[in-house]
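# Working through the structure, step by step
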Amino acid sequence: MNSSLNWSQTLRSYLDKRLLWVFMLGCASGFPWVLIGSNMSGWLTDAGLSRSAIGFFGSVFTVYAINFLWAPLVDRVKLPILHKWLGQRRSWIFLCQSIVLLCTFGIAQFDPAKSLMFTSMLALCIATASSTQDIAIDAYRIDSFSSSDSHRLPQASAMAVIGWWTGYSLPGYLAFVNADQIGWNGVYLGMCFIVALLMLFTVLVKEPTTNRDALQQQAELRHAKYLGTKSPLVAWLTVTVAEPFLDFFRRNGVRVAITLLLFVFLFKIGEAFLGRMSITFYREVGFSNDQIGHYSKLIGWGATVVFTLVGSAFNVRFGIIRGLILGGIAMSASNLMFAWIASVGPDEQLFLATIIVDNFTSAFATVAFVSFLTVLTGQAFSATQYALLASLGNLGRTTLASFSGSLADFLDSWPLFFILTAVMVIPSLLMLISLRGYFTKILQHNQNSKNNT
């Protein structure tokens, strides 16, 4: 699909104030990954834990790969009190952020090296609340920018990505540059204030208006007719549990749907293995916490913001499919620069170049990927269907990447490890090229649906 917008119209389209709300909630989505991801990896590395132990600690991220199991509740259950105050999406976001706040404060009271099990349980609670929050945040974005409004999707995806990296990188920068002075316990106490600020953002943003309730009621009537039941509860349960998945396969066809799910699963596995071991690699190769904070977090964040905007503009003008192909190829090639660092040692100029290239390729690919996942969802069950797709994408990023430390130990060669992460991207690229026609049809179908309404 090619956009009909010229460059001037493309730039003006970023002035939509809904993009600000998407950005703010994107910050809330990225922040928990600091708490149980890079910050925790840095803390555990400083505490002397092995690479395998650090890798397996990341098993708490597994919940991101299975959150589609309870996503129907986020679509359908109205939380007491909070729903009347904040609406369906924001009420779930606010509840999850409250849990993250309590658990962050709990982690700040202990030393994970001495209380690893208890810290792991709190991290698991944060991961569960965060993955549930992501369901509601993604649904908020989809409700605000529907898949039929396809020329708007890259902008919305860009703001979500920029928000995610802002919520992940800036607090991460503050954590690493202060860790040696105030200690990691002090860092986590400071993180509590950031959670409170994100909760304030959630209260300030506006709830999107959709016809979700009407579509869900129509689905309940269909299910009641098919089941031959007059019980509203039975129809509610079958619609909640089964209809989002039936709708996805019905709209795309079984063969195409399975192929799409496989592509989503494979696309970011290499990036996931690299990301899980990156902090440990930086420390082992000789970079300090201050250098990691400055280059990986602060400069990395700035590069991500700039390149995400560039990537979204490219996707608006030339289409999501081209963005996916180009981004995937670049993402694979950029992993080789980490192998270069492993060969030459802690060279700051090379570190800077690697961070810039890695953030460029990751941002470019992520904008196209998020836009594409949004296209595949329906309006009636946006939370559940996007969670299903995102869970598959997170499976490599979370569950399988837990073995990244073991793989690094087994290979005992950082250059070889990063070369393998580059190779991991190739199968999904081949699948993307072979199924380009399928993907193009889906995009055209959504665009035609909008034109006919």
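A brief report on the enclosed structure follows.

How each quantity is defined
- Residues numbered from 1 in each chain as written.
- Predicted model: local features only at pLDDT ≥ 70, side-chain atom pairs only at ≥ 80, totals over all residues.
- Heavy atoms only, no water.
- Helix = DSSP H or I, 4+ residues; strand = E, 2+ residues; numbered from the N terminus.
- Rg over C-alpha atoms; globule rule 2.2 N^0.38 Å.
- Contact = heavy atoms within 4.5 Å.
- Areas by Shrake-Rupley, 256 points an atom, 1.4 Å probe, with all protein chains shown as cover.
- Lys, Arg positive; Asp, Glu negative; His and termini not counted.
- Charge placed at Lys NZ, Arg CZ, Asp CG, Glu CD.
- Phe/Tyr/Trp six-rings, centres within 6.5 Å; stacked < 30°, edge-to-face > 60°.
- Core = buried A, V, L, I, M, F, W, Y, C linked by side-chain atoms within 4.5 Å.
- Buried < 20%, exposed > 50% of the residue type's maximum accessible area, 1.4 Å probe, protein only.
- Salt bridge = Lys/Arg side-chain N within 4 Å of Asp/Glu carboxyl O.
- Arc of directions from axis to C-beta.
- Patch = residues over 30% accessible without salt bridge, like charges linked within 9 Å, V, L, I, M, F, W, Y side chains within 5 Å.

### Some points on the overall build of the protein chain
What the protein chain contains, in helices and strands, is 23 helices and zero strands. For 453 residues, the compact-globule estimate of 2.2 N^0.38 gives 22 Å, and the C-alpha radius of gyration of the protein chain, at 22 Å, lies within 12% of that figure. For the C-alpha atoms alone, the extent of the protein chain along its principal axes is close to 65 × 45 × 40 Å. Counted over contacts in the protein chain with a minimum sequence separation of 6, partners at least 24 positions apart contribute 84%. Of the roughly 18,000 Å² that the protein chain leaves accessible, carbon and sulfur atoms contribute 68%. Mean positive and mean negative side-chain charge positions of the protein chain (30 and 22 charges, respectively) differ by 14 Å.

### A closer look at the packing of aromatic side chains
Scanning all chains against the criterion turns up 30 aromatic pairs. A connected cluster of aromatic rings, assembled from ring pairs, spans Phe-281, Tyr-282, Phe-287, Tyr-295, Phe-338, Phe-351, Trp-414, Phe-417 and Phe-418.

### Digging into the nonpolar core
Core analysis: the largest hydrophobic core is formed by 128 residues, its most contacted members being Ile-36, Tyr-188, Phe-263, Tyr-282 and Leu-324. Ranked by the residues each element gives to this core, the list is headed by helix H9 (residues 153-204), at 20 residues. Not counting chain neighbours up to four residues away, the residues in contact with Tyr-282 comprise Phe-287, Ile-292, Ser-296, Phe-338, Phe-351 and Ile-355.

### Details of the environment of Met-40
One can find Met-40 in helix H2 (residues 18-46). Along the chain, Met-40 and Lys-78 lie 38 residues apart, while their C-alpha atoms are 34 Å from each other. Once residues lying within four places of it in the same chain are set aside, the contact partners of Met-40 are Val-34, Leu-35, Phe-57, Ile-107, Pro-112, Thr-119 and Tyr-188.

### Considerations on the pattern of salt bridges
Any two side chains of opposite charge can pair, given that their charged atoms come close. Per the counting criterion, the structure on display carries eight salt bridges. Two residues, Arg-90 and Glu-207, come together in a salt bridge whose shortest N-O distance is 3.4 Å. Within this pair, whereas Arg-90 is found in helix H7 (residues 88-107), its partner Glu-207 is found in the loop between H9 and helix H10 (212-227), the two being separated by 117 residues in sequence. With relative accessibility at 9%, the residue Arg-90 sits in the buried group. By relative accessible area, which is 22% here, Glu-207 ends up partly exposed. One salt bridge in this structure joins Asp-247 and Arg-250, with 3.6 Å as the shortest N-O distance. Of this pair, Asp-247 and Arg-250 both sit in helix H12 (residues 243-252), separated by three residues, roughly a single helical turn. Of the residues examined, Asp-247 reaches a relative accessible area of 14% and is grouped as buried. The network of salt bridges with common partners includes Arg-222, Glu-243, Asp-247 and Arg-250.

### Some words on helix H22 (residues 426-434)
For H22, the full list of buried residues reads Ser-428, Leu-429, Met-431 and Leu-432. Angularly, the buried residues of H22 cover 165° about the axis, an arc narrow enough to put them on a single face. Relative to its buried face, H22 has exposed residues pointing more than 90 degrees away, namely Leu-430, Ile-433 and Ser-434.

### Description of H12
Looking only at H12, the buried set comprises Glu-243, Pro-244, Asp-247, Phe-248 and Asn-252. The buried residues of H12 occupy one face: seen down the axis, they fall within an arc of 145°. One or two positions beyond H12, positive phi appears at Gly-253, with a value near 85°.

### With respect to a nonpolar patch on the surface
A cluster of nonpolar side chains, contributed by Leu-336, Leu-416, Ile-419, Leu-420, Val-423, Ile-426 and Leu-430, occupies part of the molecular surface with about 560 Å² of accessible area. Those elements that place two or more of their residues in the nonpolar patch are helix H21 (414-423) and H22. A total of four residues in the nonpolar patch trace back to one element, the largest contributor, which is H21. Tracing the backbone shows Ile-426 in helix H22. The class for Ile-426 is partly exposed, based on a relative accessible area of 40%.

### Observations regarding the environment of Ile-36
Take Ile-36: it is sitting in helix H2. Exposure remark for Ile-36: the relative accessible area of 2% places this residue in the buried category. Residues Ile-36 and Thr-119, 83 residues apart in the sequence, show an inter-C-alpha distance of 9.7 Å. Each residue touching Ile-36, except ones within four places of it in the same chain, is listed here: Phe-57, Val-60, Phe-61, Tyr-64, Ala-123, Ile-126 and Ala-127.

### What about unusual backbone geometry?
Phi is positive for Ile-81, which is not a glycine, with a value near 70°. Tracing the sequence through the fold places Ile-81 in the loop between helix H5 (71-76) and helix H6 (82-86).

### Re the environment of Ala-387
Its location among the elements puts Ala-387 in helix H19 (residues 382-397). Distance from Ala-387 to Glu-284, taken between C-alpha atoms, is 35 Å for residues 103 residues apart in sequence. When residues no more than four places from it in sequence are discounted, the contact partners of Ala-387 are Asn-67, Phe-68, Ala-71 and Ile-135.

### Things to note about the side chain of Ser-38
Residue placement: Ser-38 occurs in helix H2. You can call Ser-38 buried: its relative accessible area is 3%. With sequence-adjacent residues up to four places away left out, Ser-38 is seen in contact with Trp-33, Tyr-168, Phe-176, Ile-279 and Lys-297.

The values are spatial; any link to function lies outside them.
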